[in-house]
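# Coordinates in review
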Amino acid sequence: MRTTTVGQIKSEFMKEQYRNQQSLFTQSDLSGLENLDYKPGAAPYLRGAYESMYTGKPWTIRQYTGFGSAEETNRAFKKSLSEGASGLSVAFDLPTHLGFDSTDSRAIAEVGKTGVAIDSVDDMKRLFEGINLNDVSVSMTMNGAILPVLAAFLVAAQENGFNIGDLKGTIQNDILKEFMVRNTWIHAPTPSLKISTDIIEYLSHNAPSFNSQSISGYHFQEAGAEPSLELALTLANAKIYLDNAQARNLDLNTFCHRLSFFFGVGMNFFDEIAKLRAARVLWSNEVIQRGGNAKAARMKIHCQTSGWSLAEQEPHNNLIRTTIEAMSAIFGGTQSLHTNAFDEALSIPTEESARLALNTQLILQEETGITDIVDPWGGSYFMESRTQQIINQTQQWLTLIENNGGVIKALESGWIHQIIHQQALQTQADIDANRKPFIGVNRYQSDYKPTNIRKIDNKAIIQNQQKSIEALKLKRSDKHVTLALNELTQAAQSGTRNLLALTMEAIRARATIGECTNALLKVWPRYNPTVSFSANQYGDLRSNESEWHRVKKKVSAVRKHHSKKPKILLCKLGLDGHDRGIKTVAAGLSDIGFDATLTPLFLTPEDIVELFLKDNYCALGISMLSGSHVELVSKVANKLVANASFTRDNLPLFVGGIIPHEDDQLLKDAGVKSIFRPGTVIEVIADQIVMNITTLTNY
Ligand code: 2CP
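The sections below set out a description of the structure shown in this document. (Residues numbered from 1 in each chain as written. Predicted model: local features only at pLDDT ≥ 70, side-chain atom pairs only at ≥ 80, totals over all residues. Heavy atoms only, no water.)

This paragraph deals with the sheet that holds strand E7 (residues 259–265). Read from one edge to the other, the open sheet built from nine strands follows the order E5-E4-E3-E2-E1-E9-E8-E7-E6, with strand pairing classed as parallel. This sheet does not close on itself; its edge strands, each paired only once, are strand E5 (210–211) and strand E6 (213–216). The sheet contacts of helix H12 (residues 269–289) involve E7 and strand E8 (301–305), and relative to E7 the element is tilted by about 160°. Running over the sheet, helix H14 (residues 351–367) touches strand E1 (60–65) and strand E9 (336–338) and is turned about 170° from E1. (Pairing = 2+ DSSP bridges. Helix = DSSP H or I, 4+ residues; strand = E, 2+ residues; numbered from the N terminus. Contact = heavy atoms within 4.5 Å. Axes fitted to C-alpha atoms, helices over the stretch in contact; angles between N-to-C directions.)

Put into structure tokens, the structure is as follows:
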């Protein structure tokens, strides 16, 4: 088998176009194109999943929502539905994603911060209190602690009087992309894939109207993948899920129409439309080739506007970006859509920004006439030929993945991480060098700073969760819970029984999410692979620029003075696994002259301090996106000051990520020297670090 190294992939493949090379398209560009004569609603679905598309039913307005407690999120759900949303989408907090109860010491700082805290079926009942689950479809983004969370949803629905056979909704259940980019896994890939297939099996038998997967490209795009790589990775993963379900003897025509898809939609306006059209064709061909019928082959899509395309600088510009991205999703024929709030590069949305995001969709749906025409781009010389190009490009990526051993091997070898990371580095270098325009970031900057942002103070939420868990434990039969949890452990060991059915019994007996997770961890321990970054790519792309060279010289002077490169430890802290930013910073700092080490994910403040003190690091850089920066970074600072020869003044501590300006002083008081927000170029980061370590800390 021929293996292609990342370095061998040609640049035209790695760098998809920001601008089209050909500017005029004519009839001749349509010649030889297949699929043009099929109507919408017919395989291969180039022109749309349904014949009447939005004239029959407009896309579902489904805003990803969740913060604080179940009660608070329930209020937000009801508000969103009363304001025009047509479906629900639950955002869980990081502890829930990773199977920690809110009382777990590793969870405390992050309870309720970036989603709703759910510890048990009782929380789930509070989350959906007063919502008619026969009418409203509910999407749940859950992959790590999927068994107990989905079990809690199903049992809560039953206890609230709904028949699970009638429930409509979607569970994300896409674990492969977690290992590739999103990083909210719990167990290793093999047991995680068994869990995923158990869920498809259980839902296809017992909840036939529930979509058992939302196979996701969105996170690839957020991590740096351009549209056709995003599509290829999504389809490659989908094929593994099909293989696994078919190996379980599930009938393709029974389960496949409930595998749904989820794509990101960024600022590459035309390509995003073409990508969704191409996706339907490629999926339809794959399913039909396996013997699936037309219903099984219909790809249904949820889209979310790009989080990564949002700038922290002049955030109101993000409203415009989101509107444009939403239009791509709609022209591409999405079934369901989330539009980001304009302030999401700063914090979680305020009530005002959440309402504007929802209204963006309402205005598009009700004021523009956009829903009156089925596939308005159909037949366009340009769009049809671009769709075919994306089909071709995606197929080339799929072949490359196969040449590298297929998805699982390419994942294990790190090839997939490298490919995505390298596209991210390319994009970052182009933005930093002002080759890729980013208004307000690398062009037409202003120093406007927004003030109205939402912050979650989670002390009251933690107390409430503690009380709820205590109440739950008082009223349950511990013996019954222990029996159900033991059975779950045994079933994981034997591998022969459906784990969702058993988890539902444990949850019904009032086991918590954490307890169910621990029962599985006895057989399948927490997985924690290393994280790596690519050296020598970002630097090569910046090598012609004077500012890059100026700072590189400064770093080089430090190296000469100490006869070795300055060593910096870079990490994510806590339970957040979004690592595009820290990997880019690690690559950039390494190329500018630092000896950069990246830690594994999910480390505690204690872990980080231990690692930092173990080696001769001159700086510590922490990336935070989860809103728990004040608690967690302060803990690191306090421990360093308590354990080592540091004072607040000479602590070589740097923080990057989504940090509200009002927290700057708290972090600086703790000892943080510089705070880097999204959009900060690498040489500024390097310059600040060198300046600080050489002057303040006397390195
Ligand atoms: C729709 N229907 C139609 C038509 N349109 N029937 C006839 N003519 C039409 N024109 C029917 C469908 O067949 C379906 O019925 C019903 O109406 C609902 O339509 P749908 O198209 O299935 O829409 P939906 O119920 O909203 O479902 C959309 C998806 C679903 C994409 C299939 O999987 C979904 O909602 N996904 C959302 C995923 C999500 O929210 N993810 C959050 C990501 P039948 O059902 O009877 O066929 S947030 C992620 C964050 C960022 C993270 O991951 O970190």
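Attention now moves to the environment of Ala70. If you trace the backbone, Ala70 turns up in helix H3 (residues 70–82). Among the residues examined, Ala70 registers a relative accessible area of 1% and is labelled buried. Measuring from C-alpha to C-alpha, the distance between Ala70 and Lys125 comes to 8.5 Å, with 55 residues separating the pair along the chain. Once residues within four sequence positions are removed from consideration, Ala70 is found in contact with Val116, Ile118, Asp123, Arg126 and Leu127. (Buried < 20%, exposed > 50% of the residue type's maximum accessible area, 1.4 Å probe, protein only.)

Turning next to the packing of helix H23 (residues 546–562) against helix H28 (residues 682–696). Helices that pack against each other are described as a pair by the angle of their axes relative to one another and the distance between those axes. Contact geometry of H23 with H28 gives a least axis separation of 10 Å together with a crossing angle of 30°. Taken together, the axis directions place H23 and H28 in an arrangement best described as roughly parallel. Judged by the sense of rotation from one axis to the other, the crossing of H23 with H28 is left-handed. Between H23 and H28, the contacting residues are Glu547, Trp548, Arg550, Val551, Lys554, Val555 and Val558 on the first element and Ile682, Glu683, Ala686, Asp687, Val690 and Thr694 on the second. Of the residues contributing to the contact of H23 with H28, the split by class is seven nonpolar, one polar and five charged. (Parallel < 35°, antiparallel > 145°, perpendicular 65-115°, else oblique. Left-handed = near helix turned anticlockwise from the far one by under 90°. Nonpolar A, V, L, I, M, F, W, Y, C, P; charged D, E, K, R; others polar.)

Across the sheet, five strands lie side by side as E11-E10-E12-E13-E14; this open sheet has parallel pairing. Among the strands making up the open sheet, the edge pair consists of strand E11 (595–598) and strand E14 (672–676). Each strand of the sheet is rotated relative to its neighbour by a mean of 20°, with strand direction disregarded. Both strand E13 (residues 653–657) and E14 contribute to a ladder of four bridges, which runs parallel. If you follow Val655 over to E14, its bridge partner there is Ile675. In the packing of helix H26 (residues 629–643) onto the sheet, contacts are made with strand E12 (619–624), E13 and E14, and the angle to E12 comes to roughly 165°. Sitting on the sheet, H28 is in contact with strand E10 (567–572), E12, E13 and E14, with an inclination near 175° to E14.

Attention now moves to the site of the ligand. Around the ligand, a shell composed of 27 residues is seen, among which Thr60, Arg62, Thr170, His219 and Ser260 lie nearest. Between the ligand and Arg182, the relevant distance is 2.8 Å, taken from an oxygen atom to a side-chain nitrogen or oxygen of the residue. Within the side chain of His219, an N or O atom sits 2.6 Å from an oxygen atom of the ligand. Protein chains shield 78% of the accessible area of the ligand, which is 1100 Å² for the free molecule. (Near = heavy atom within 4 Å. Polar contact = N/O pair within 3.5 Å; in protein donor to acceptor, adjacent residues only side chain to side chain. Areas by Shrake-Rupley, 256 points an atom, 1.4 Å probe, with all protein chains shown as cover.)

Overall, the coordinates contain 20 aromatic pairs when judged by the stated rule. Residues Phe128 and Phe153 carry aromatic rings whose centres are separated by 5.4 Å and whose planes lie at 80° to one another, so their mutual orientation is edge-to-face. Highlighted residues: Phe128 in the loop between helix H5 (121–127) and strand E3 (138–140) and Phe153 in helix H6 (residues 146–159), separated in sequence by 25 residues. For the pair Phe128 and Phe153, one class covers both residues: buried. In textbook terms, an aromatic cluster arises when at least three aromatic residues are bridged by ring pairs, as seen for Phe25, Phe269, Phe270, Phe331, Trp377 and Phe382. The side chain of Arg454 reaches across the aromatic face of Phe67, ending 4.3 Å from its centre. A cation over an aromatic ring shows up here: Arg580 above the ring of Trp308, its NZ or CZ 3.6 Å from the ring centre. (Phe/Tyr/Trp six-rings, centres within 6.5 Å; stacked < 30°, edge-to-face > 60°. Lys NZ or Arg CZ within 6 Å of the ring centre and 35° of its normal.)

It is worth spelling out the environment of Thr103 at this point. Along the chain, Thr103 turns up in the loop between helix H4 (94–97) and H5. Judged by relative accessible area, Thr103 falls into the partly exposed class, the value being 37%. Considering only alpha carbons, one finds Thr103 and Glu71, 32 residues apart in sequence, at a separation of 18 Å.

Any functional reading would require information that these geometric values do not contain.
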